[in-house]
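# Topology and contacts: notes
Residue strings, one per chain:
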Amino acid sequence: MMAAVRASECAARVVLLEKNHVPGVKLLMTGKERCNITHFETDIRSFAAVFGKNGKFLLSALSRFGMKETIDFFHKHNLNTKIEQDGRIFPESDRAKDVQALFLRLMKENNVTLLTGCRIKDIPCRQSAIEEIILDTNGVKAEKYLICTGGLSYPQTGSTGDGYSWAKQMGHTIIRPGPALTPVAVKEKWVRELEGLSLNNVRISIYQNNKKQDERLGEALFTGIGMSGPIILDMSKSIGKLLAAGQAELFIDFIPDMDFHALDERILRDLQKYNNRSIKNILSELLPNKLVPVILELAKIDPGGKGSSITKDERKRLRLLSKQFPLTIKNLSGFDKAIITTGGIALKEIDPKTMRSRIINNLYFAGEILDLDGPTGGYNLQVCWSTGYIAGESAVSCI
Ligand SMILES: Cc1cc2nc3c(=O)[nH]c(=O)nc-3n(C[C@H](O)[C@H](O)[C@H](O)COP(=O)(O)OP(=O)(O)OC[C@H]3O[C@@H](n4cnc5c(N)ncnc54)[C@H](O)[C@@H]3O)c2cc1C
């Protein structure tokens, strides 16, 4: 949609083919339906660095249409934005559908022809150029073509990887796609009791063979079968690598702001202060309500017992579970729950200044179909805005 808008602004006649009934279905789901548009970062090198070694591919696009230009673009079109914790940028309205509506409006204003419910049958090429796009009943002939069919994540939104096979057939290399930014499933069945519990400030560490391998501080969430939320999603890549080598454990520190000693003092103080209350009630001052019965059961403490009756050993178990709550990782979720797809069109086969294919003369790529995947926080949509804008613009100026 960004590419279509930019190409049409540059005076091209644009046709957008979409197999759903409306484009931007995934966009509606982004940022828990609030759409984390981009990330506040003034330095494009720091922004690109989060994409690992492939990030440098983005430098040219980001210097032409980066985070600032993206925010200016939305503001210019009357979609105000706000910055939240950790630099995440959202529409002021908190509505992803406003972002989709903006693009639908701009496409209409710029006379982009939108063909929805479209099934592409074939894209024949001759002499390193696409000849036309063959649909069920007719075809579309153009001077330039742009493939931005996304990855394989959340296939119900329309991202079923079709673009990979077209590109492969045209001679492009596809770096093996994989699910990324995925929730984890754990072996402990009782996590079901914690489903929906959102944790705003926890530290999660991942261990293998008793050695700490990764650690993050921030937000997480219990699902019916394991854990999700920003820090889990961001660690999923390293968890995947560890699981390929063997078993991995996850430890949650529910009270990262206190060390063991400070926590012990706090528990002791609370037990003395409220010695006539049940331990269950006392703990709900310190830990989320939903967590208290689970921790008490694991610590083998009677939830109805009075504060004054807690033994030293029970207190020790309580302290340990509050700061090193153990879970055994079973597996990562697949594409159906992955926020993003790793792999995609090999970047060495695309000109980073124009997004033009180095193999097919009149072909461009943009968005998640590229071999780029970033962490949560607005990074992945910024790839779409930047590469889409550049592709749309250069397809026209190269005519
Ligand atoms: C639940 C969820 C939340 C997310 N939240 C955020 C967030 O807050 N911030 C962020 O930066 N990123 C987020 N992401 C990632 C982000 O949504 C994607 O990176 C982005 O949507 C990719 O855009 P795209 O246009 O490249 O591909 P897609 O959004 O996948 O769009 C591809 C389009 O191509 C169409 N298509 C596919 N095949 C065909 C075909 N054969 N014929 C015609 N049309 C076809 C599809 O129907 C679809 O409309 C989230 C992802 C998910 C799943």
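Residues numbered from 1 in each chain as written. Predicted model: local features only at pLDDT ≥ 70, side-chain atom pairs only at ≥ 80, totals over all residues. Heavy atoms only, no water.

## With respect to the overall build of the protein
- Summing up its helical and strand segments, the protein has 13 helices and 22 strands in all.
- Element-wise, carbon and sulfur atoms account for 49% of the exposed surface of the protein, whose accessible area totals about 19200 Å². (Helix = DSSP H or I, 4+ residues; strand = E, 2+ residues; numbered from the N terminus. Areas by Shrake-Rupley, 256 points an atom, 1.4 Å probe, with all protein chains shown as cover.)

## What to know about the site of the ligand
- Neighbouring the ligand are 29 residues; Glu18, Ser159, Asp162, Glu368 and Leu381 lie closest to it.
- Between the ligand and Asn380, the relevant distance is 3.4 Å, taken from an oxygen atom to a main-chain nitrogen or oxygen of the residue.
- The protein chains hide 89% of the 1000 Å² of surface that the ligand would expose on its own.
- Those elements that provide at least two residues to the shell around the ligand are helix 2 (25–33), helix 7 (162–169) and helix 13 (379–397).
- When grouped by side-chain class, the residues that make up the shell around the ligand number twelve nonpolar, twelve polar and five charged. (Near = heavy atom within 4 Å. Polar contact = N/O pair within 3.5 Å; in protein donor to acceptor, adjacent residues only side chain to side chain. Nonpolar A, V, L, I, M, F, W, Y, C, P; charged D, E, K, R; others polar.)

## Notes on the sheet that holds strand 9 (residues 133–135)
- Taken together, the three strands give an open sheet; going across it, the order is 6-9-10, and neighbouring strands pair in antiparallel fashion. Only two strands of the sheet have a single partner each, and these edge strands are strand 6 (120–122) and strand 10 (139–140).
- Where strand 6 and strand 9 come together, two bridges link them in antiparallel fashion. Directly across from Ile120, in strand 9, lies its bridge partner Leu135. (Pairing = 2+ DSSP bridges.)

## Some remarks on the environment of Ile123
- You can see Ile123 is positioned in the loop between strand 6 and strand 7 (125–126).
- Counting along the chain gives 79 residues from Ile123 to Val202, while the straight-line C-alpha distance between them is 50 Å.
- If sequence neighbours within four positions are ignored, Ile123 has contacts with Ile130, Glu132, Ile133, Trp166, Gln169 and Met170. (Contact = heavy atoms within 4.5 Å.)

## Let's talk about the domain arrangement of the protein
- According to the domain assignment, the protein contains domain 1 (2–180 + 335–397), domain 2 (184–255 + 328–332) and domain 3 (260–325).
- One C-alpha centre belongs to domain 1, the other to domain 3; they are set 50 Å apart. (Domains from an automatic or database assignment.)

## Section: helix 9 (residues 260–273)
- In this model helix 9 runs 20 Å from its N-terminal to its C-terminal C-alpha over 14 residues, within 8% of the 20 Å that 1.5 Å per residue would give.
- Buried within helix 9 are the following residues: Leu263, Asp264, Arg266, Ile267, Asp270 and Leu271. Down the axis, helix 9 shows its buried residues gathered within 165° of arc, on one side only. Opposite the packed face of helix 9, turned more than 90 degrees from it, sit the exposed residues His261, Arg269, Gln272 and Lys273.
- Looking at the packing, one finds that the buried side of helix 9 touches helix 10 (279–283) and helix 12 (312–323). (Expected span 1.5 Å × (residues − 1). Buried < 20%, exposed > 50% of the residue type's maximum accessible area, 1.4 Å probe, protein only. Arc of directions from axis to C-beta.)

## Concerning the sheet that holds strand 3 (residues 81–83)
- The sheet built from three strands is open, its strands ordered 2-4-3 with antiparallel pairing. Of all the strands in the sheet, the pair left with one neighbour each is strand 2 (38–39) and strand 3.
- Two elements, strand 2 and strand 4 (residues 88–91), share two bridges in a ladder whose sense is antiparallel. Of the residues in strand 4, the one forming a bridge with His39 is Arg88.

## A look at the pattern of salt bridges
- Applying the stated criterion across every chain, the model contains 24 salt bridges.
- Here Glu285 makes a salt bridge to Arg277, at a shortest N to O gap of 3.8 Å.
- One salt-bridge network, held together by shared partners, links Arg203, Lys212, Glu215, Asp253 and Lys323. (Salt bridge = Lys/Arg side-chain N within 4 Å of Asp/Glu carboxyl O.)

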